[in-house]
Amino acid sequence: CSSFWTMANDVAYTGRMSIKSPYLEDSEGPAISNATLVTCDFFPGGILQFKTIASVLPPHDIFIVYIDGEEAAQLVNVNEWTEPTLGLSPGAHRIDFSYQ
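Rules and cut-offs
- Residues numbered from 1 in each chain as written.
- Predicted model: local features only at pLDDT ≥ 70, side-chain atom pairs only at ≥ 80, totals over all residues.
- Heavy atoms only, no water.
- Phe/Tyr/Trp six-rings, centres within 6.5 Å; stacked < 30°, edge-to-face > 60°.
- Helix = DSSP H or I, 4+ residues; strand = E, 2+ residues; numbered from the N terminus.
- Buried < 20%, exposed > 50% of the residue type's maximum accessible area, 1.4 Å probe, protein only.
- Salt bridge = Lys/Arg side-chain N within 4 Å of Asp/Glu carboxyl O.
- Pairing = 2+ DSSP bridges.
- Contact = heavy atoms within 4.5 Å.
- Axes fitted to C-alpha atoms, helices over the stretch in contact; angles between N-to-C directions.

Draft legend 1. Focus on the packing of aromatic side chains. Throughout the structure, instances matching the rule amount to two aromatic pairs. For the pair Y13 and W81, a centre-to-centre distance of 5.4 Å together with 70° between the ring planes defines the contact as edge-to-face. Residue Y13 is found in the loop between β1 (6-8) and β2 (18-20), and its partner W81 is found in the loop between β6 (70-75) and β7 (85-88); the two are separated by 68 residues along the sequence. Plain terms: the ring middles of F50 and F97 are 5.1 Å apart, the flat faces sit at 85° to each other, and that makes the pair edge-to-face. One end of the pair, F50, is in the loop between β4 (46-49) and β5 (63-67); the other, F97, is in strand β8 (residues 93-99), and 47 residues separate them in sequence. Exposure class is identical for F50 and F97. Each is buried.

Draft legend 2. Focus on the pattern of salt bridges. Applying the stated criterion across every chain yields a total of two salt bridges. As a salt-bridge pair, K51 and E83 come within 2.8 Å of each other at their nearest N and O atoms. Residue K51 is found in the loop between β4 and β5, and its partner E83 is found in the loop between β6 and β7; the two are separated by 32 residues along the sequence. For K51, a relative accessible area of 33% puts it in the partly exposed group. Between D96 and R94 there is a salt bridge, and its shortest N-O distance comes to 2.9 Å.

Draft legend 3. Structural context of the pairing of β5. Along β5, four of the five residues are buried, which leaves the element largely enclosed by surrounding structure. Relative to β6, β5 runs antiparallel, the two being bridged by five bridges. When the bridges of β6 are listed, Y66 appears paired with E71. Counting the residues that bridge the hairpin from β5 to β6 gives two residues, and of these D68 lies at a positive phi of roughly 55°.

Draft legend 4. Region of interest: the environment of C40. Locating C40 in the fold gives a position in the loop between β3 (33-39) and β4. Put simply, C40 and G91 are 51 residues apart on the chain and 6.4 Å apart in space, counted from C-alpha to C-alpha. Excluding residues within four positions of it along the chain, C40 makes contact with G91 and A92.

Draft legend 5. Quick peek at the sheet that holds β5. Ordered by their spatial adjacency, four strands build an open sheet running β3-β8-β5-β6, and the pairing between neighbours is antiparallel. This sheet does not close on itself; its edge strands, each paired only once, are β3 and β6. Strand-to-strand twist across the sheet, computed as the mean angle between neighbouring axes with direction ignored, equals 20°. Relative to β8, β3 is paired through seven bridges, and the arrangement is antiparallel. The residue bridging L37 from the neighbouring strand is I95, located in β8.

Below is the structure:
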């Protein structure tokens, strides 16, 4: 199984493409896969909005969004499109979309 996120055309909120987390069920032991977004030093700050279907079931699957290493959102068992909204202060940031 691949542990990389991929471009997908089978499900998208709008348009034809989305990013899709890998299938981790066959992994031995805990498995984590991240898709990372990085802002530059000159980022003016603002709101991060994205659409997701996080149809994961705890305790084995979980979808977490980290901003600069701190947990900012946790989504589980969401079987329809939802739109998390997260504030970002000015400056550089690392946003990790983590499927675990």
